[in-house]
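Coordinates in review
If you want the building blocks of each chain, they are given just below.
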Amino acid sequence: MTTAIRASGAPTVRRSDEAMPESYEEFRSWSPRQRSGILRGPDGRLRALLYAQQFDRALLEQLVALAERIRSAEPEGAFRAALSRALRGRAAALYFQQPSTRTFVSFSLAAQGIGMVTEEIRSPERASLVKGETTLDTLLTLAELSDCVILRHDDPEAIERFAWEIHDRGLPTRLVNAGSGADQHPTQALLDIATLISRFDLSRTDPPLTVGIVGDLRRARTARSLSYLLALYPTVRQVFIAPPDLAMGRDLVTALEERGVTLVETTEFDAVIEELDAVYLTRMQDEYGETSETVRALFGNYRLSSERAARLRPHACVLHPLPRREELPIELDRDPRTRHWEAVHRGRFLRMALLLHMFGKDTTDLS
Ligand code: NCD
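What counts as what
Per chain, the residues get numbers from 1 upward, laid out in the order the sequence is written. Local features in a predicted model are, by the rule used here, given only for residues with pLDDT of at least 70; side-chain atom pairs are given and counted only at 80 or more, and totals for whole chains, interfaces and linings are based on all residues. The side-chain quantities take in all heavy atoms of the structure and omit both hydrogens and water. Here a strand pair is declared whenever DSSP counts at least two bridges between the two strands. Per the convention used, a helix needs a DSSP run of H or I reaching at least four residues, while a strand needs a run of E reaching at least two, with both numbered from the N terminus. Axes here refer to lines fitted to C-alpha atoms; in helices the fit is confined to the stretch in contact. Angles between the N-to-C directions go from 0 to 180 degrees. Any two residues having at least one pair of non-hydrogen atoms within 4.5 Å are treated as being in contact. Buried means the residue's accessible area, taken with a 1.4 Å probe over protein chains only, is under 20% of the maximum for its type, while exposed means over 50%, and partly exposed covers the values in between. For every residue, the pLDDT score states the predictor's confidence, bounded by 0 at the bottom and 100 at the top. Note on terminology: angles under 35 degrees are roughly parallel, angles over 145 are roughly antiparallel, angles of 65 to 115 are roughly perpendicular, and the others are oblique. Charged residues are taken to be Asp, Glu, Lys and Arg, nonpolar residues to be Ala, Val, Leu, Ile, Met, Phe, Trp, Tyr, Cys and Pro, and polar residues to be all remaining types, Gly included. Note on handedness: a crossover is taken as right-handed if, strands pointing away from the viewer, the path from the first strand over the helix to the second is clockwise. A single heavy atom is enough: if one lies within 4 Å of a molecule or strand, its residue is considered near that molecule or strand. A 3.5 Å cut-off defines polar contacts: any pair of N or O atoms within that distance qualifies, except that in protein one atom must be a possible hydrogen donor and the other a possible acceptor, and neighbouring residues in sequence count only when both atoms are side-chain atoms. We get accessible surface area from the Shrake-Rupley algorithm with a probe of 1.4 Å; when it comes to residues, only the shown protein chains can shield them. Cavities and pockets were defined on a 1 Å grid built over protein atoms only: a cavity is a set of grid points that admits a 1.4 Å probe from which the probe cannot escape, a pocket is an open set flanked by protein on both sides within 12 Å along at least five of seven lines, and lining residues are those with an atom within 4 Å of any such point. To decide whether a molecule occupies a pocket or cavity, check its atoms: if more than half lie within 2 Å of the grid points, it is inside.

Across the sheet, which stays open at both edges, the five strands sit in the order β10-β9-β8-β11-β12 with parallel pairing between neighbours. The two strands at the open ends of the sheet, each matched to only one other strand, are β10 (263-266) and β12 (317-319). Between one strand axis and the next, the sheet turns by 15° as a mean value, whatever way the strands run. Pairing geometry for strand β8 (residues 210-214) and strand β11 (residues 278-281), over four bridges, is parallel. By the bridge assignment for β11, Val211 is matched with Ala278. Seen against the sheet, helix α8 (residues 186-199) touches β11 and β12 and runs at an angle of roughly 170° to β12.

Structure follows, in structure tokens:
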């Protein structure tokens, strides 16, 4: 057993059976899967959720089932009453350095719905960062003051460095990634896959389920995280549909191939549209750098026009993490195959389920 001394003096016990990196540089050199050991607590629960690869199927399905139970609970019933007390006395600090509507509001309501109090920094220009404080010191302040930090930042390294510091200093604070640059957004992927699970058997083999992921795959963090979660069901055929300059990152393609996932990459949405059981659309992520006029012009081929929607299979399911631009016209909201608003609705309950899990309160009676 090794012990780490918490900043305020209380020792935190670490497991002795897992290799631990000695430094942040060593931690950074490990793959996300290797890193997951130190992102779990001694009880095996997630302490810091950074990447979708930290989920296994059992945990994913457990969270989806708990979220569904919460969603369908009687508003006045005993289960809802127990939920509202589950994390009473705990505080969540939301630090959102990038804009957000759905993720921010659903995390905030989720935390409050299970009894937590919440505080937020949404305008870093009004925090001590303008006095020259580093992002890390700002985050360490939130870690000292709260029980859980929910972080959205444009630099994926911000959350990795913070997770390392939480671990290395032995802090008990939980940490959740609410969007790390163009890299990952694991909780958005949770609610997207939960919506797919409610519609399809993801393990079916005859024929296998085919999911098309469309648009700016190079920079859409939600698409990357969803793809990793879908890979937990290796029979699912993933079809990446993107213009050449916005193709999915090679790191993810290689990781999926190593896991034996059936993967198709194409630039032609029209060539595959009739094969798809589910379509996941994304907008152009132009906040992450220059996008040439040529690519902008091409992007029109990756929208679900009414002509394309007419060619989609009758049972298909259409998702979009939102915000949308032209790729999913509002007229399609009335098409029963589109489920993006249902996914938004699920967001609050999945985030409740995740926080309950992280604090060990996901037992049947929530005790
Ligand atoms: C997404 C995000 O922030 O990555 N939005 C969300 O959280 N639902 C998608 C996007 O901004 O395109």
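What follows concerns the side chain of Ser106. For Ser106, the position within the fold is in helix α5 (residues 102-113). Here Ser106 falls in the buried class, since its relative accessible area comes to 9%. For Ser106, the residues in contact, after removing those within four places along its chain, are Gly347, Arg348 and Arg351.

This part takes up the confidence of the model for the protein. Looking at the protein, the pLDDT average stands at 93 and 95% of residues meet or exceed 70. Within the model, the stretch residues 1-16 combines pLDDT values under 50 with 33 contacts to residues more than four positions away or in other chains.

This brings us to the sheet that holds strand β5 (residues 117-121). Spatially, five strands are ordered β3-β7-β6-β4-β5 in an open sheet, and the strand pairing comes out parallel. Across the chains shown, the open sheet's two edge strands, defined by having one partner strand only, are β3 (48-49) and β5. Two elements, strand β4 (residues 91-96) and strand β6 (residues 148-153), share five bridges in a ladder whose sense is parallel. Looking across to β6, one finds that Ala93 is bridged to Val149.

This next bit is on the environment of Trp30. Looking at the secondary structure, you find Trp30 in the loop between α1 (24-29) and α2 (32-35). For Trp30 and Pro243, which are 213 residues apart along the polypeptide, the C-alpha to C-alpha distance reads 31 Å. If sequence neighbours within four positions are ignored, Trp30 has contacts with Ala19, Met20, Pro21 and Arg35.

This part takes up the packing of helix α3 (residues 57-72) against α8. Here α3 crosses α8 at 80°, and the two axes come no closer than 10 Å. The orientation of α3 with respect to α8, classified from their angle, is roughly perpendicular. Contacts between α3 and α8 involve Leu60, Leu63 and Val64 from the former and Leu190, Ile193, Ala194 and Ile197 from the latter. The residue makeup of the contact of α3 with α8, split by class, is seven nonpolar, no polar and no charged.

Buried residues dominate β8, accounting for five of its five residues. Judged by which residues are buried, β8 turns out to be covered on both faces: Thr210, Gly212 and Val214 on one side and Val211 and Ile213 on the other are all buried. Note: β8 against strand β9 (residues 237-241), five bridges, orientation parallel. Looking at β9, one finds that Val211 is bridged to Gln238. Handedness of the crossover is the feature at issue here: the chain leaves β8, passes through helix α9 (residues 221-230), returns alongside β9, and the resulting connection is right-handed.

Turning to its location among the elements, Ala91 is positioned in strand β4. The class for Ala91 is buried, based on a relative accessible area of 18%. Apart from the residues within four sequence positions on either side, Ala91 is in contact with Met116, Val117, Ser146, Asp147 and Cys148.

On to the site of the ligand. In the vicinity of the ligand, the residues found are Thr103, Arg152, His185, Gln188, Arg221, Thr222, Arg283, Gln285, Pro321, Leu322 and Pro323. Leu322 places a main-chain nitrogen or oxygen 2.9 Å from a nitrogen atom of the ligand. Taken by itself the ligand offers 320 Å² of open surface, and the protein chains cover 93% of this. In this structure the site holding the ligand corresponds to the largest pocket. Here the shell around the ligand is built from residues that sort into three nonpolar, five polar and three charged.

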